[in-house]
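Report on the structure
Okay, here's what each chain looks like letter by letter:
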Amino acid sequence: MTGGHLAEIWRYRELLWTLVRRDLKVRYQSSALGFVWSLLNPLVYLVVYYLVFEVFLKNGIDRFPVFLLSGLLPWLMFSGALMAGTPSITANGSLVKKVWFPRAVLPLAAVGTAMVNFFLQLSVLVASLVIFQWVPDPAYLVPALIGLAAMIVLAAALALVLSVANVRARDTMHLVEVAMLVWFWLTPIVYQFERPYQALVDRGLGWLMLLNPLTVTTITMQRLFYGRADVPSATGNGMKLIPDKSVLWYMGIALFALAVGVAAFALALRFFARREGDLAEDI
């Protein structure tokens, strides 16, 4: 069933891309700044967290904007995909009732739109690298790409399930908002991975940190763009930010996260296929 449903979605790939273009046009075509608005979201996050963690709390992380954006941009893509994917079927209720097409393209189009925004927002990270004269470590490019793919596949899986759940229970959208807030703080985006990791290691529970697929994506992206695992702190003592491990170690955890994402996507697609026929009646 899963393979057949995937093939069906592939046959409607033009519709999928059309929906992505439509979402982008609707979002930006009537605005004065157009796609520039997509850059303001990470910039606002950057300013707020820079003031909180660098100016007031003085976390001592050198070139903190580079470190922050490395993990923040993938997170914005993931959260954007779920926030748009969850109501994607109910928001297109009139289309679902009138025309037959694989309904899965609706939440998947939301993921596609979030991906386009992510690549646009990468320009903010590139600009920060230039401004702070910071050099990434290209040796970790492949693990970072695998980790990013794992996040995208997981986002697609969750968007499929949540879009169906939202048809039956409209409170799903509100629950997602709360869950995303909790998930953000469970992921080491604005704080260093090593601090909670070592606390868990002392209790024999260090593996719990790596069970979060978004943590894997975050630290692989940070290892690539930030270019190192530790920096001198403001007090002069060394500060370890992320695991100082080999490329193979990062590759291993990224592949594990991708395997989890693929398995979740296969289950989500099967779940979606079983309930797809009732969606038009339930809306």
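Residues numbered from 1 in each chain as written. Predicted model: local features only at pLDDT ≥ 70, side-chain atom pairs only at ≥ 80, totals over all residues. Heavy atoms only, no water.

Some words on the overall build of the chain
On a plain count of helices and strands, the chain comes out with 14 helices and 2 strands. Taking 2.2 N^0.38 as the reference for a compact globule, 283 residues should give roughly 19 Å; the C-alpha atoms of the chain span a radius of gyration of 20 Å, in line with that estimate. Projecting the C-alpha coordinates of the chain onto the three principal axes gives extents of approximately 65 × 50 × 35 Å. Across the 283 residues that make up the chain, the buried fraction comes to 48%. Counted over contacts in the chain with a minimum sequence separation of 6, partners at least 24 positions apart contribute 81%. Of the roughly 13600 Å² of accessible surface on the chain, a fraction of 66% belongs to carbon and sulfur atoms. Within the chain, one finds 22 positive and 16 negative side-chain charges whose respective centroids are separated by 4 Å. (Helix = DSSP H or I, 4+ residues; strand = E, 2+ residues; numbered from the N terminus. Rg over C-alpha atoms; globule rule 2.2 N^0.38 Å. Buried < 20%, exposed > 50% of the residue type's maximum accessible area, 1.4 Å probe, protein only. Contact = heavy atoms within 4.5 Å. Areas by Shrake-Rupley, 256 points an atom, 1.4 Å probe, with all protein chains shown as cover. Lys, Arg positive; Asp, Glu negative; His and termini not counted. Charge placed at Lys NZ, Arg CZ, Asp CG, Glu CD.)

Concerning helix α9 (residues 172-186)
Its 15 residues place the ends of α9 21 Å apart at the C-alpha level, agreeing with the 21 Å of an ideal helix rising 1.5 Å per residue. Taken together, the buried positions of α9 are T172, M173, V176, M180 and F184. Within α9, the buried residues cover an arc of 110° as seen down the axis, which keeps them to one side. For α9, exposure combined with an orientation more than 90 degrees from the buried face picks out L175, V178, L181 and L186. Structurally, α9 contributes buried residues whose contacts are with α3 (37-56), α4 (64-85) and α8 (141-168). (Expected span 1.5 Å × (residues − 1). Arc of directions from axis to C-beta.)

Thoughts on the nonpolar core
Grouped together as the largest cluster of nonpolar side chains are 81 residues, with contacts concentrated most on L68, L72, W75, F78, L160 and Y226. A per-element tally of this core places α8 first, with 14 residues. Here W75 is in contact with M151, M180, W183, F184, I189 and L214, once residues within four sequence places are set aside. (Core = buried A, V, L, I, M, F, W, Y, C linked by side-chain atoms within 4.5 Å.)

What to know about α4
Each full turn of the α-helix corresponds to 3.6 residues, which orients residues three or four apart in the same direction. Between its first and last C-alpha, α4 extends 31 Å over 22 residues, near the 32 Å set by a 1.5 Å rise per residue. With 19 of 22 residues buried, α4 is to be regarded as a mostly interior element.

Digging into the side chain of T187
Inspection of the secondary structure puts T187 in the loop between α9 and α10 (194-201). At 2.9 Å, the side chain of T187 forms a polar contact with the backbone oxygen of W183. Polar contacts involving the side chain of T187 include one to the side chain of N212, which spans 3.1 Å. Excluding its chain neighbours within four sequence positions, the residues that come into contact with T187 are N212, L214, T215 and T218. (Polar contact = N/O pair within 3.5 Å; in protein donor to acceptor, adjacent residues only side chain to side chain.)

Focus: the environment of V260
Locating V260 in the fold gives a position in helix α13 (residues 247-275). When its relative accessible area of 33% is taken as the criterion, V260 is described as partly exposed. In the structure, V260 is positioned 107 residues away from V153 in sequence and 9.2 Å away in space, judged by C-alpha atoms.

Notes on the layout of surface pockets
One number sums up the size of the largest pocket: a volume of about 410 Å³. Surrounding the largest pocket, 23 residues form its lining, N41, L76, M77, S79 and G80 being those nearest its centre. In terms of residue count, α4 provides more of the lining of the largest pocket than any other element does, 7 residues in total. For the lining of the largest pocket, the residue count by class is 15 nonpolar, 7 polar and 1 charged. (1 Å grid on protein atoms, 1.4 Å probe; cavity = no way out; pocket = protein on both sides within 12 Å on 5 of 7 lines; lining within 4 Å. Points joined across faces, edges and corners; volume = space filled by probe spheres on them. Nonpolar A, V, L, I, M, F, W, Y, C, P; charged D, E, K, R; others polar.)

Some thoughts on the packing of α4 against helix α7 (residues 105-131)
Relative orientation of the contacting elements α4 and α7 amounts to 165°, with a least axis distance of 8 Å. Here α4 is positioned roughly antiparallel relative to α7, judged by the angle of their axes. Handedness of the crossing formed by α4 with α7: right-handed. Of the residues in α7, those in contact with V66, L69, S70, L73, P74, L76, M77, G80, A81, A84 and G85 of α4 are P107, A110, V111, A114, M115, F118, Q121, L122, V124, L125, S128 and L129. (Axes fitted to C-alpha atoms, helices over the stretch in contact; angles between N-to-C directions. Parallel < 35°, antiparallel > 145°, perpendicular 65-115°, else oblique. Left-handed = near helix turned anticlockwise from the far one by under 90°.)

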